[in-house]
Amino acid sequence: ILHDAEPKGTSAVGDAIKNLVNSIVGAGIVGLPYVFAAAGFVTGLILTATAWFLVEYSLRLLVRTGMRYGARNYEDLMGLAFGPVGV
């Protein structure tokens, strides 16, 4: 009975990306009021700005390193950084 109800994977790639972005952004938006309530408004702004800076900087490092060493995706970049899987 349950085998007939299995999804057939008919989602478009764009729909999957929208769902992923919605999940990530939604979790961040839900957590922000707690940060501001626990830390205060000014400290919350400083923490949010610091987190933004660190994320921006780390993404730029990943992109620059990938471009320098010819890694075309995250998996290739991690393979260059950490070696083959299971070794």
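Note that this is a predicted model, so its numbers are computed, not measured.

A. Representation of the packing of aromatic side chains within the structure. For the coordinates displayed, the defined rule picks out 2 aromatic pairs. Judged by centre distance (5.8 Å) and plane angle (40°), the rings of F36 and F41 are tilted. By relative accessible area, F41 is classed as exposed at 58%. Both rings, one in F53 and one in Y57, keep their centres 6.2 Å apart while their planes meet at 10°; by these two values the pair is stacked. Of this pair, F53 and Y57 both sit in helix 2 (residues 41-69), separated by 4 residues, roughly a single helical turn.

B. The packing of helix 1 (residues 13-39) against helix 2, seen in detail. Their axes nearest at 7 Å, the elements helix 1 and helix 2 cross at an angle of 130°. Between helix 1 and helix 2, the angle is such that the two are oblique. When you trace helix 1 past helix 2, the crossing you get is right-handed. Residue-level contacts link L32, V35, F36 and A39 of helix 1 to F41, T43, G44, L45, L47 and T48 of helix 2. Looking at the contact of helix 1 with helix 2 residue by residue, the classes come out as 7 nonpolar, 3 polar and no charged.

About the cut-offs
- Residues numbered from 1 in each chain as written.
- Predicted model: local features only at pLDDT ≥ 70, side-chain atom pairs only at ≥ 80, totals over all residues.
- Heavy atoms only, no water.
- Phe/Tyr/Trp six-rings, centres within 6.5 Å; stacked < 30°, edge-to-face > 60°.
- Buried < 20%, exposed > 50% of the residue type's maximum accessible area, 1.4 Å probe, protein only.
- Helix = DSSP H or I, 4+ residues; strand = E, 2+ residues; numbered from the N terminus.
- Axes fitted to C-alpha atoms, helices over the stretch in contact; angles between N-to-C directions.
- Parallel < 35°, antiparallel > 145°, perpendicular 65-115°, else oblique.
- Left-handed = near helix turned anticlockwise from the far one by under 90°.
- Contact = heavy atoms within 4.5 Å.
- Nonpolar A, V, L, I, M, F, W, Y, C, P; charged D, E, K, R; others polar.

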